[in-house]
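One-letter residues, chain by chain:
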Amino acid sequence: MSENNYKEAWEYTMKVLHDLYKSQNKGDEFKLWFNMNYVEDTIDTITVSVASTFLQQSMQRKGNFDIVLKKLKEITGQDEIKLNVVVIKEENSEAKESKKSDTSESNIAEEKSVKENKPSESNETKKTGFKKHQLLDEEYTFDTFIPGDNSRFAYNAAIAVANEPGRKYNPILFYGGSGLGKTHLMQAIGNYINNNNTEKLKICYVSAESFTNEFILSLKEKTEKAFKNKYRNLDVLLLDDIHFLQGKESTQEELYLTFDALSQKKAQMVFTCDRPIREIKTMAERLVSRISSGMCIDLQPPNYETRYAILQKKIELQNRVLEPEIIDFIARNVETNVRELESALDKVLGYEELIGKKLNIDIVKNQLRDIISSNSTENISLDIIQKVIAENYQISVADLKSKKRDKKYVVPRQIAIYIARELTEIAYTELGNEFGGKDHSTIMTAYKKIAEQIKIDSTLESKIQLYIREIKEYKK
């Protein structure tokens, strides 16, 4: 039985830490990664609960339990105190209160066993008080986004924007390849603002394609005034995939004017793009300048640890169980983006559900053979590499392979050589023959030059990773 000797100390500790994180503009991060409930205590141990195994593992990995314990020791002056963390699935508030008053360790274990067999209630849409916005996907919240080294900066910036819309990082642009979480973060900002502001704010999420089509229709039907009133009076504009606007001069002009109108009223603007905006060749310079004046953040493909955590989170949200060996296999073999990672997981979980056969590693390998094959570098040819790089730099493959020394040809040629060496087993001599009859030392120098540049130029590294993803996904 709990003596509640440390309950007040626990509550004060969490308040101190919460205030500290709020002062660093990390209040929402605190709510997510320090989400613990007091259960009971003994003479030297405080028992607290978290809502899932995933949260327990994530908090442990982040060192958050150690942070709490250190602060507890400071506040209580008890160096021998320990923290015991158990997993108890969230229930409704009445049931939770009745059990918190007198809960033994055996009862906790029993509750965990019973509740883990119930359908998962961790989906954000099922939480009491969540306000659904008609233009936003309720699945896209900060709670369901798993930040890793590839996306932590973007994740923290998104939280800061959601906390102070229009005042911090405005505008903000997230860029990177398909399926890396740009739209998720954008809509998470919208969902958070929609649910955490006392005043009713006008929030609009729209793709650049829909924005363009709507603008064209307004011209056709002579409803330009209604179109302008809709977009220039917003409090939050979330415009997805602005690379779609390249070459569309009239739509760009309208967006520029909308940008200025929203900027004057300090409305928050969030954009996404598949590349750095300055690389969009046919985008108006003054629009590029406006968007670039804010925060521009790239998202990279997730590393192994992040991919593993994403899979664990998705499995838990579906109230399913997979052997660690299977999760490890998927995480190691699907590297391109989060969307493909989740697709691979859905495929094997769907197989288990429809066939009714427990998954093992051999079944998973067989079910994912096509996905893994498409992510393999075995089928990548030099021809594909040259085509993708030439298209991105708007030159011909013949120019790429020529001996022309202009910078507009030399840089993409060096990048193509670097990527070819990274993705294929083609020798320097053979590459020389395929790039205008150059000797192997020239090819080697080109490779080394790019290899050195990406160590000091993160923008170039992001660019090359984007090209590599395009090459892997290239359809002949």
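Residues numbered from 1 in each chain as written. Predicted model: local features only at pLDDT ≥ 70, side-chain atom pairs only at ≥ 80, totals over all residues. Heavy atoms only, no water.

Student: Sorry, what's going on with the UniProt feature "binding site: ATP" (unreviewed entry) in the chain here?
Tutor: What UniProt calls "binding site: ATP" (unreviewed entry) maps, in this numbering, to Gly-179, Gly-181, Lys-182 and Thr-183. Inspection of the secondary structure puts Gly-181 in the loop between strand 4 (172-175) and helix 8 (182-196). We classify Gly-181 as buried; its relative accessible area is 18%. Those residues in contact with Gly-181 that lie beyond four places of it in its chain are Phe-145 and Leu-299. (UniProt positions renumbered as here; feature names shortened; annotations may be inferred. Helix = DSSP H or I, 4+ residues; strand = E, 2+ residues; numbered from the N terminus. Buried < 20%, exposed > 50% of the residue type's maximum accessible area, 1.4 Å probe, protein only. Contact = heavy atoms within 4.5 Å.)

Student: I would appreciate a short explanation of the sheet that holds strand 1 (residues 37-41) in the present structure.
Tutor: Pairing between the strands of a sheet is mediated by backbone hydrogen bonds and can be parallel or antiparallel. Strands sit in the order 1-2-3 across an open sheet of three strands; the sheet is mixed. Looking along the sheet, the strands with just one partner apiece sit at the ends: strand 1 and strand 3 (82-87). The sheet shows a mean angle of 30° between the axes of neighbouring strands, taken without regard to direction. Bridge count for strand 1 against strand 2 (residues 45-50) is four bridges, and the pairing is antiparallel. Bridging across to strand 2, Glu-40 finds its partner in Thr-47. Each of strand 1, strand 2 and strand 3 is contacted by helix 1 (residues 7-23), which is oriented at about 150° to strand 1, the strand it contacts most. Contacts between helix 4 (residues 64-76) and the sheet are confined to strand 2 and strand 3, with strand 3 contributing the most and set at about 140° to the helix. (Pairing = 2+ DSSP bridges. Axes fitted to C-alpha atoms, helices over the stretch in contact; angles between N-to-C directions.)

Student: What exactly am I supposed to notice about the pattern of salt bridges here?
Tutor: A pair can form between side chains of opposite charge whenever their charged atoms are brought close. Following the criterion strictly, the structure yields 22 salt bridges and no others. Across the pair Lys-387 and Asp-383 runs a salt bridge whose closest N-O atoms are separated by 3.3 Å. Note that Lys-387 and Asp-383 are positioned in helix 18 (residues 382-392) at a spacing of four residues, about one turn of the helix. Relative accessible area serves as the criterion here: at 31%, Lys-387 is assigned to the partly exposed category. Several salt bridges share partner residues, and in doing so they unite Glu-164, Arg-167 and Lys-168 into one network. (Salt bridge = Lys/Arg side-chain N within 4 Å of Asp/Glu carboxyl O.)

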